[in-house]
Amino acid sequence: ATDSVCRDKQEEPKPLSLLYTNANGLRNKMDELKHYVLSSSVDIICVTETHFDKDILDAEIELEGYVWFRQDRNFNIRDENSNEVSERGGSIIYVKNTVHCCKIEEIDTVPDTTAVMISTNKGGVCIACIYRSQSLSDNQNEKIIKFIHDICPESNSYETLIVGDFNLPDVSWKHS
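The paragraphs below set out a description of the structure included in this document. (Residues numbered from 1 in each chain as written. Predicted model: local features only at pLDDT ≥ 70, side-chain atom pairs only at ≥ 80, totals over all residues. Heavy atoms only, no water.)

### Focus on the overall build of the protein chain
Heads up, the condition is: Segments assigned H or I by DSSP are reported as helices when at least four residues long, segments assigned E as strands when at least two residues long, and all are numbered from the N terminus. To sort residues, take the accessible area from a 1.4 Å probe on protein chains only and compare it with the maximum for the residue type: under 20% means buried, over 50% means exposed, and anything in between is partly exposed. Per-residue and other accessible areas follow the Shrake-Rupley method at a 1.4 Å probe size, with only the shown protein chains counted as cover for residues.
A count of helical and extended segments in the protein chain gives three helices and eight strands. Sequence-ordered secondary structure for the protein chain, helices as α and strands as β, is α-β-α-β-β-β-β-β-β-α-β. Taking all 176 residues of the protein chain together, the buried fraction comes to 38%. For the protein chain, the computed accessible surface area is about 11000 Å², with 48% contributed by carbon and sulfur atoms.

This is the structure we're talking about:
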């Protein structure tokens, strides 16, 4: 009922705020992240190179007041047929629990990538957090490219925001 009252008054919604960082290992920086969250009002936090694995419990990476969606590295960079998982990599998205969101599940095969769909009263926003290692195989790179293509169709009915570390030092990112 409160939501409909606010919409009837046509109040402008508060803009969402987002923090992106490359942690190069988040586990030992959780206290720093928690302190930052307490002193700011960020709604969405995207982190690449978490270096998490299946042995790191959700309780170890919890942020009070947030839900999180993590993608630990689950593949071998050098040998895609190996069952041994390469270290490092990974990504996580924290979303304030007052923001309606859901994980985009069909990307679990995309290397070191997490994506969520955020619902706002202005429509949906897809947020993708990608870590692209320089050591990825052509096949792994193609999975990332296909994922980006799939979430950015010309006819989509939502906005898309892609953040991350793409490790492309030879690309000129300046608009010309």
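### Describing the sheet that holds strand β4 (residues 91-96)
The following threshold applies: The pairing criterion is simple: DSSP has to find at least two bridges between the two strands. For helices, the fitted line uses only the C-alpha atoms of the stretch in contact; every axis is such a line through C-alpha atoms, and the angle between N-to-C directions lies from 0 to 180 degrees.
The strand order across the open sheet formed by four strands is β1-β2-β4-β3, and the pairing between neighbours is mixed. At either margin of the open sheet sits one strand with a lone partner, and together these are β1 (18-22) and β3 (66-71). Between one strand axis and the next, the sheet turns through 10° on average, direction left out of account. In the sheet, β1 pairs with strand β2 (residues 44-48) via five bridges, with the strands oriented parallel. The residue of β2 that forms the bridge with Y20 is C46.

### Remarks on the pattern of salt bridges
Here is the rule: Put simply, a salt bridge is a Lys or Arg side-chain nitrogen that is within 4 Å of an Asp or Glu carboxyl oxygen.
Scanning the model with the defined rule gives six salt bridges in all. For D58, the salt bridge identified is with R70, shortest N-O distance 2.9 Å. Placement of D58 in the loop between β2 and β3 and of R70 in strand β3 is noted, with a sequence separation of twelve residues between them. Relative accessible area serves as the criterion here: at 41%, D58 is assigned to the partly exposed category. Among the ionic pairs, K146 bridges to D150, the shortest N-O distance being 2.7 Å. You can see K146 and its partner D150 sitting in helix α3 (residues 138-151), four residues apart, about one turn around the helix. Using a relative accessible area of 52% as the deciding quantity, one classes K146 as exposed. You can call D150 partly exposed: its relative accessible area is 41%. Each of D58, R70 and D72 takes part in salt bridges that share partners, so that together they form one network.

### Details of unusual backbone geometry
Located in the positive-phi region is N24, a residue other than glycine, with phi close to 50°. When you line up the elements, N24 lands in the loop between β1 and α2 (30-39). We classify N24 as partly exposed; its relative accessible area is 41%. Not every positive phi belongs to a glycine, and H51 is a case in point at roughly 65°. Examined against the element boundaries, H51 turns out to sit in the loop between β2 and β3. By relative accessible area, which is 22% here, H51 ends up partly exposed.

### Quick word on the sheet that holds strand β7 (residues 123-131)
Strand order in the open sheet formed by four strands is β5-β6-β7-β8, and the pairing between neighbours is mixed. Strand pairing shows two members of the sheet lacking a second neighbour, β5 (101-103) and β8 (159-165), which therefore form its edges. Across the sheet, the axes of successive neighbouring strands diverge by a mean angle of 20°, strand direction being ignored. Both β5 and strand β6 (residues 113-120) contribute to a ladder of three bridges, which runs antiparallel. Looking at the pairing, C102 lines up with M117 of β6.

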